[in-house]
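These are the residues of each chain, in order.
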Amino acid sequence: MTDKEMLIEYINKFRLNCHYRFNFMPPEIDGIPFYLYEKAHKEAKEEMIKEGIAEDKINIIEDTYNLFIDTMKEKQDYSLAEKTVLNSINS
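The following refers to the structure shown. It should be emphasised that the depicted structure is a prediction, and the values quoted were computed from it without experimental measurement.

## Some thoughts on the overall build of the chain
- Looking only at helices and strands, one finds four helices and zero strands in the chain.
- Across the chain, helices and strands are ordered from the amino to the carboxyl terminus as α-α-α-α.
- For the chain, the proportion of its 91 residues judged to be buried stands at 33%.
- Long-range pairs, those at least 24 residues apart, make up 60% of the contacts in the chain between residues at least 6 apart in sequence.
- Here the chain displays about 5900 Å² of accessible surface, and carbon together with sulfur accounts for 51% of that area.

Structure (structure tokens):
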């Protein structure tokens, strides 16, 4: 599996975990609950490790998550953060 394929698989797992967690959130929340993104990231990463991802690939996943979270904190926009990450993966 190439790095690009691995990151796309990670992003898909991360998205699924995010959507699952946000389905249980009340409709009115103050601010962005960054702890939910952290939990979604940890679960997606654990799933990738269970599937046998190489140890050196974990740093790539961490860098990808950090790009997402840094963009979220700066722009406060999930779509923009996701687009930034996907552009990074595809370049």
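Don't stop here, the text continues.
## Description of helix H4 (residues 78-90)
- Here H4 is 13 residues long and its end C-alpha atoms lie 18 Å apart, about the 18 Å a rise of 1.5 Å per residue gives.
- Looking only at H4, the buried set comprises Ala81, Glu82, Val85 and Ile89. When H4 is viewed along its axis, its buried side chains cluster within an angular range of 95 degrees and face the same direction. Residues of H4 that are exposed and angled more than 90 degrees away from the buried face: Ser79 and Lys83.
- The backbone nitrogen of serine 79 lies 2.9 Å from a side-chain oxygen of the residue at the head of H4, namely aspartate 77.

## Quick look at the packing of aromatic side chains
- Considering all chains together, one arrives at eight aromatic pairs under this definition.
- Ring geometry for phenylalanine 14 and phenylalanine 68: centres 5.1 Å apart, planes at 75 degrees, overall edge-to-face. With a gap of 54 residues between them, phenylalanine 14 in helix H1 (residues 3-22) and phenylalanine 68 in helix H3 (residues 55-75) connect regions that are remote in the sequence. In this structure, phenylalanine 14 and phenylalanine 68 share a single accessibility class: buried.
- With a centroid separation of 5.4 Å and 70 degrees between ring planes, the pair formed by tyrosine 37 and phenylalanine 68 is classed as edge-to-face. Of this pair, tyrosine 37 sits in helix H2 (residues 34-50) while phenylalanine 68 sits in helix H3; the two residues are 31 residues apart in sequence, bridging distant segments of the chain.
- For tyrosine 37, a relative accessible area of 4% corresponds to the buried category.
- You can call phenylalanine 68 buried: its relative accessible area is 4%.
- By the ring-pair criterion, three or more aromatic residues cluster together here, those being Tyr10, Phe14, Phe34, Tyr37, Tyr65, Phe68 and Tyr78.
- Here the guanidinium or amino end of lysine 73 rests over the ring plane of phenylalanine 34, the centre of that ring lying 5.8 Å away.

Scoring rules and cut-offs
Residues numbered from 1 in each chain as written. Predicted model: local features only at pLDDT ≥ 70, side-chain atom pairs only at ≥ 80, totals over all residues. Heavy atoms only, no water. Helix = DSSP H or I, 4+ residues; strand = E, 2+ residues; numbered from the N terminus. Buried < 20%, exposed > 50% of the residue type's maximum accessible area, 1.4 Å probe, protein only. Contact = heavy atoms within 4.5 Å. Areas by Shrake-Rupley, 256 points an atom, 1.4 Å probe, with all protein chains shown as cover. Expected span 1.5 Å × (residues − 1). Arc of directions from axis to C-beta. Polar contact = N/O pair within 3.5 Å; in protein donor to acceptor, adjacent residues only side chain to side chain. Phe/Tyr/Trp six-rings, centres within 6.5 Å; stacked < 30°, edge-to-face > 60°. Lys NZ or Arg CZ within 6 Å of the ring centre and 35° of its normal.

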